Amino acid sequence: MAEEYDLVVLGGGTGGYVAAIRASQLGMKVAIVEKEKLGGTCLHRGCIPSKALLRSAEVYRLMKNSQQYGVEIENFRLDFAQVQKRKENIVNTLHQGVKSLMKKWKIDLYHGFGRILGPSIFSPLSGTISVEYEDGRENTMLVPKYVLIATGSRPSALPGLVPDGVNIVTSDHSLEWDNLPSSVLIIGGGVIGVEWASLLADFGVEVTVLEYAEQILPNMDDAVAKELTNQLKKKGIEIVTGAKVLPDASSSSGRMEITAELKDGERKMFQAEKILLAVGRSPNTENIGLENTDIELENGYIRTSEFYQTKESHIYAIGDCIGGLQLAHAASHEGIIAVEHMNNLTPESLSYENIPSCIYTDPEVASIGLSEKEAKERGMEVKVGKFPFQAIGKAHVHGDTEGFVKIIANKINDDIVGIHMVGPNVTELISEASLAKLLDATPWEISKTVHAHPTLAEIIGEAAMSVDGNQIHG
Ligand code: NAI
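Residues numbered from 1 in each chain as written. Predicted model: local features only at pLDDT ≥ 70, side-chain atom pairs only at ≥ 80, totals over all residues. Heavy atoms only, no water.

Attention now moves to the overall build of the chain. Along the chain, the regular secondary structure elements total 13 helices and 25 strands. Relative to a compact globule of 474 residues, whose C-alpha radius of gyration would be 23 Å, the chain shows 24 Å and is just as compact. Principal-axis analysis of the C-alpha atoms places the extent of the chain at approximately 70 × 60 × 50 Å. Per-residue burial for the chain yields a buried fraction of 52% across its 474 residues. For the chain, contacts bridging at least 24 residues in sequence account for 61% of all contacts bridging at least 6. Of the roughly 22,100 Å² that the chain leaves accessible, carbon and sulfur atoms contribute 49%. (Helix = DSSP H or I, 4+ residues; strand = E, 2+ residues; numbered from the N terminus. Rg over C-alpha atoms; globule rule 2.2 N^0.38 Å. Buried < 20%, exposed > 50% of the residue type's maximum accessible area, 1.4 Å probe, protein only. Contact = heavy atoms within 4.5 Å. Areas by Shrake-Rupley, 256 points an atom, 1.4 Å probe, with all protein chains shown as cover.)

Now for the layout of surface pockets. By volume, the second largest pocket is sized at about 900 Å³. Glu-58, Arg-61, Asp-362, Pro-363 and Asp-400 are the residues nearest the centre of the second largest pocket, which is lined by 30 residues in total. Mapped by element, the contributors of at least two residues to the lining of the second largest pocket are α3 (47–64), α6 (191–202), α7 (222–234) and α11 (426–438). Tallying contributions element by element places α3 first for the lining of the second largest pocket, with six residues. In terms of residue class, the lining of the second largest pocket is made up of seven nonpolar, 11 polar and 12 charged. (1 Å grid on protein atoms, 1.4 Å probe; cavity = no way out; pocket = protein on both sides within 12 Å on 5 of 7 lines; lining within 4 Å. Points joined across faces, edges and corners; volume = space filled by probe spheres on them. Nonpolar A, V, L, I, M, F, W, Y, C, P; charged D, E, K, R; others polar.)

Further remarks concern the side chain of Thr-229. Relative to the assigned elements, Thr-229 resides in helix α7. Apart from the residues within four sequence positions on either side, Thr-229 is in contact with Ile-216 and Ile-239.

Turning to the site of the ligand, a few remarks are in order. Taken together, 25 residues lie around the ligand, and Ile-192, Glu-195, Glu-211, Gly-280 and Cys-358 are the ones closest in. Within the backbone of Gly-280, an N or O atom sits 2.9 Å from an oxygen atom of the ligand. Calculation on the ligand without its partners gives an accessible area of 840 Å², and the protein chains cover 79% of this total. Taken together, the residues that form the shell around the ligand break down as 15 nonpolar, six polar and four charged. Lining the shell around the ligand are residues from two domains, each supplying at least three of them: domain 1 (2–154 + 282–352) and domain 2 (168–279). (Near = heavy atom within 4 Å. Polar contact = N/O pair within 3.5 Å; in protein donor to acceptor, adjacent residues only side chain to side chain. Domains from an automatic or database assignment.)

Axis separation between α3 and α6 bottoms out at 8 Å; the angle between their running directions is 40°. Here α6 runs oblique to α3, going by the angle between their axes. Pair α3 / α6 crosses with left-handed handedness. From α3, Ser-50, Lys-51, Leu-53, Leu-54, Ala-57, Tyr-60, Arg-61 and Lys-64 reach across to α6, where they touch Glu-195, Trp-196, Leu-199 and Asp-202. Its residues placed into classes, the contact of α3 with α6 shows six nonpolar, one polar and five charged. (Axes fitted to C-alpha atoms, helices over the stretch in contact; angles between N-to-C directions. Parallel < 35°, antiparallel > 145°, perpendicular 65-115°, else oblique. Left-handed = near helix turned anticlockwise from the far one by under 90°.)

Turning to unusual backbone geometry, a few remarks are in order. A cis geometry characterises the amide bond from Asp-362 onward to Pro-363, with omega recorded as 0°. Of note, Pro-363 is situated in the loop between β21 (357–359) and β22 (364–369). Cis geometry marks the peptide bond from His-453 to Pro-454, where omega comes out at -5°. Residue position: Pro-454 is located in the loop between α12 (443–448) and α13 (458–466). One non-glycine residue with positive phi stands out, namely Tyr-308, at about 70°. Within the secondary structure, Tyr-308 sits in the loop between β19 (301–302) and β20 (315–317). With relative accessibility at 2%, the residue Tyr-308 sits in the buried group.

The next subject is helix α1 (residues 14–25). An α-helix turns once per 3.6 residues; consequently, residues spaced three or four apart project the same way. Compared with an ideal rise of 1.5 Å per residue, which puts 12 residues at 16 Å, α1 spans 17 Å between its outermost C-alpha atoms and is within 8% of the ideal. Counting buried positions over the 12 residues of α1 gives 10, a clear majority of the element. All of the buried residues in α1 are Thr-14, Gly-15, Gly-16, Tyr-17, Val-18, Ala-19, Ala-20, Ile-21, Ala-23 and Ser-24. Of the surrounding elements, those touching the buried residues of α1 are β1 (2–10), β2 (30–34), α2 (40–44), α4 (80–104), β6 (140–149) and α8 (328–342). Looking one or two residues beyond α1, the residue adopting positive phi is Gly-27, at roughly 90°. (Expected span 1.5 Å × (residues − 1).)

Viewed as axis vectors pointing N to C, α1 and α8 meet at an angle of 35°, and their least axial separation amounts to 8 Å. Where α1 crosses over α8, the handedness of that crossing is right-handed. Contact with α1, carried on its side by Thr-14, Gly-15, Val-18, Ala-19, Arg-22 and Ala-23, involves Ala-328, Ala-331, Ser-332, Gly-335, Ile-336, Val-339 and Glu-340 of α8 and no other residues of that element. Looking at the contact of α1 with α8 residue by residue, the classes come out as seven nonpolar, four polar and two charged.

The next subject is the UniProt feature "domain: FAD/NAD(P)-binding" (unreviewed entry) in the chain. Annotation from UniProt places "domain: FAD/NAD(P)-binding" (unreviewed entry) at residues 5–335. In residues 5–335, helix accounts for 29% and strand for 25%; the two terminal C-alpha atoms are 17 Å from one another. (UniProt positions renumbered as here; feature names shortened; annotations may be inferred.)

Within the open sheet, the five strands sit side by side as β21-β22-β25-β24-β23. Their pairing is antiparallel. One side of each edge strand has no neighbouring strand; the edge strands of this open sheet are β21 and β23 (382–388). Strand after strand, the sheet turns through a mean of 10° between neighbouring axes, direction not considered. Both strand β24 (residues 404–410) and strand β25 (residues 416–423) contribute to a ladder of six bridges, which runs antiparallel. Residue pairing for β25: Val-405 is matched across the bridge by Met-421. Relative to the sheet, α13 contacts β23, β24 and β25, its axis offset from that of β23 by approximately 140°. (Pairing = 2+ DSSP bridges.)

This chain's UniProt record puts "binding site: NAD(+)" (unreviewed entry) on Gly-188, Gly-189, Gly-190, Val-191, Ile-192, Gly-193, Val-194, Glu-195, Glu-211 and Gly-280. Spanning 93 residues, the named residues form one tight spatial group whose C-alpha atoms are at most 13.7 Å apart. Relative to the assigned elements, Ile-192 resides in helix α6. When its relative accessible area of 29% is taken as the criterion, Ile-192 is described as partly exposed. Ignoring sequence-local partners within four residues, the contact set of Ile-192 consists of Ser-171 and Ala-278. When you line up the elements, Glu-211 lands in the loop between β10 (206–210) and α7. Sequence-distant contacts of Glu-211, that is, excluding residues within four places in its chain, are made with Gly-188, Gly-189, Gly-190, Ile-216, Pro-218, Val-240, Thr-241, Gly-242 and Ala-243.

Have a look at this one:
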């Protein structure tokens, strides 16, 4: 059986399903092939479930500190089964939402494993998709004019440290824990590592983070990484940077043991009930039939043009499987651009310096553009404004005065080069920075934007004024 489509999207994650909707809006006949559930990593194993757990951790933390707000609470306890149930309800609700969007936009969903075929009896071009089903049903052949590969990524492992799902886990496993372990050794102090460190510590778990680089969040602005390090340490998290984890974990009296070589060459043993690997993600580009095409790979990632066309011009690829920022919102924007490009709408290419990154630790971190170090490495002359939450009235009301906003501007033309934040609600505040970057605003223009009082957002106006030394409250 062969079905013809204008577009077949391989992978129904955030990148894939958003692209499919845009394609349908543009009049294309579209199908998605998804082997698991619509919504992909972000909805089922990433952004949404982890943020649901983080929210519960935040509520628990607030309960523990409620006295500070004049609220005495006796006998409260953590019901982790309910924490997990709440997370599952959220995921299920959003999953239903995505499924109904597919109906609304008349997108066909094939629930199976899609493999790209080379030129065949179905088409002289590569790109026919063979959908294979788990129950052994005969494959369906989808013959599209265009293919969009959006197969995503999976957690990477380390040599000698293969996740068994019980003692050595990735975030895929820890998201499903029925009970919290008493202690966790997190390998990798990147985005996933620090989010898990923060949430586990808030739930009362003993946490150690082993990070290979000189700082956690190695790609973040140094000042932000330093502030987060201090705040996480205040929660009791042990953070060891410059730690080279040696292969082979062993288990002794129910605890996992691992050895790391530290900066000074000393070898130290670390122990915990579980080891959580958070050392990056690998692209899902194997077994999908790329060998039947001329598509090129680089370190396992699919190479594309700025409009996400592969070497085969009718096959596009977006999201984690092409590398780069590996963020859900980057993938969805890439998907829209790819589909508009197929339809000759001449979209603008995406500026990756205008894509915000958010980390949902306590305190939160958010960032857009270049770090001060990156700007200087590019030979830019910069001026920097930095303003603390300590001087913002609403931060005191909120009960959260740690952190700051840092704005880096080009000294020559006043362009904003980067905005980096750590503190309360900064994952929401970053959207103003995104708009400012998109519209090429200068710090002066941000400072002329009226920020309501009292709001946390006032910090952005003050940080912008501080770029030229004109801040009012600091
Ligand atoms: P990552 O690349 O952010 O961090 C991995 C960390 O592990 C790095 O700091 C690296 O130096 C360290 N590392 C690597 N090998 C190591 C070793 N042998 N020993 C010790 N440390 C080692 O990757 P992560 O945290 O796994 O996240 C994967 C992707 O998912 C990222 O691209 C991230 O942006 C995305 N993500 C985004 C989230 C968000 O937007 N809030 C949440 C979670 C993930």
